[in-house]
Amino acid sequence: MDTFALVVTILVALFFTYTNGFHDSANAIATSVSTRALTPRAALAMAAVMNLAGAFFGTGVAKTVSEGLIETPEGSKGMGILFAALVGAIAWNLITWYFGLPSSSSHALFGGMVGAALAGGIDVIWSGVVDKIVIPMFVSPFVGLFVGYLVMTAIMWIFRRANPHKAKRGFRIAQTVSAAGMALGHGLQDAQKTMGVVVMALVISGHSTYGDPIPVWVKIACAVMLSLGTYAGGWRIMRTLGRKIIELDPPQGFAAETTGAAIMFTTAYIFKAPVSTTHVITSAIMGVGATKRVNAVRWGVAKNIVLGWFITMPAAGVVAAVVFGGVKLAFL
């Protein structure tokens, strides 16, 4: 196996993780920044540290990505498929970041893997794609919406007699904890997705086999790149999540972040499903906002976001298929 191809694929995977970090940094901190619970730089630094820590909290999601979505391709063609999948995901990340659309980096990666596999004649494990990707893609936003609504309703009832100014001040402090939990969940979910791709590359190259522990250097590299990307910040998307869907106050921000963190930890540890942190936090914000009044949520903005969710996988898949075609002509 060409070592150069392996190194290039791993470097591209790490760059994808970096784009994932700055694309999704808004998921963890947009609500706490918009409510002024944290300054932007303090929030980004906290999120970067917690992303780094979250990457070491499990391996179930990484195993799903490496073994449960496409058959492991072999040889140079296999490395070309992984390379094309990553390029497709990176391209979609950059496009949606430019337009400030909080789409899913996770589904961009999965779409790229499926598109490249189909273009390369590799079998897709459709049962895994449906069970671990498609069903959670549809279910998690509804769960986020419903749980966010319930959590915010409970907060409103519990603190119904509290002094509004004191309550907001207390929730502004509490948001530092909920935002940290959100960032920890993001690291737990998203760093593992790239770990899964790197593991596939190592298996294809013969440097590892499935069942081996994920090398420590893979965990560290993926965690560090995700953290660096997070600290770089995704300001365009942050404005969309923090302001354009609904004007959040500290109790609403706390409710949305708590909901998102709880869902990400549950799906990672119990179901080992790689859910989209973007889908979860965005739907939680919508659910929280709906407790105020239904029309408090800017549903036009929400509609554009949801449309972006549905086109992410096929769009990244098409780009990946085209890139694989170029790789095949040039190198295979």
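Residues numbered from 1 in each chain as written. Predicted model: local features only at pLDDT ≥ 70, side-chain atom pairs only at ≥ 80, totals over all residues. Heavy atoms only, no water.

Novice: Requested: an account of the environment of Phe 142, with residues and values cited.
Specialist: By the secondary structure assignment, Phe 142 is in helix H6 (residues 126-158). Each C-alpha atom, one on Phe 142 and one on Gly 287, is 9.0 Å from the other, the two residues being 145 residues apart in sequence. (Helix = DSSP H or I, 4+ residues; strand = E, 2+ residues; numbered from the N terminus.)

Novice: Pulling in residues and values, what's your account of the pattern of salt bridges?
Specialist: This structure, assessed with the given rule, holds 1 salt bridge. The salt bridge involving Asp 190 is made with Lys 193; its shortest N-O contact spans 3.0 Å. One end of the pair, Asp 190, and the other, Lys 193, are both in helix H7 (residues 164-204), 3 residues apart, so they sit about a helical turn from each other. (Salt bridge = Lys/Arg side-chain N within 4 Å of Asp/Glu carboxyl O.)

Novice: Mind laying out the environment of Gly 206, listing which residues take part and the relevant values?
Specialist: Among the secondary structure elements, Gly 206 is positioned in the loop between H7 and helix H8 (216-232). Overall, Gly 206 belongs to the exposed group, its relative accessible area being 61%. In this structure, the C-alpha to C-alpha distance between Gly 206 and Glu 74, residues 132 residues apart in sequence, is 9.7 Å. (Buried < 20%, exposed > 50% of the residue type's maximum accessible area, 1.4 Å probe, protein only.)

Novice: Help me get a handle on the layout of surface pockets, residues and values and all.
Specialist: A probe as big as a water molecule, rolled over the atoms, marks out the empty space that is left. By volume, the largest pocket amounts to about 320 Å³. Residue lining of the largest pocket: 12 residues in total, with Phe 4, Ala 5, Gly 80, Val 327 and Phe 331 positioned closest to the centre. Looking at the lining of the largest pocket, the elements that each hand over two or more residues are helix H1 (3-34), helix H4 (75-98) and helix H12 (299-331). Residues that form the lining of the largest pocket fall into these classes: 8 nonpolar, 3 polar and 1 charged. (1 Å grid on protein atoms, 1.4 Å probe; cavity = no way out; pocket = protein on both sides within 12 Å on 5 of 7 lines; lining within 4 Å. Points joined across faces, edges and corners; volume = space filled by probe spheres on them. Nonpolar A, V, L, I, M, F, W, Y, C, P; charged D, E, K, R; others polar.)

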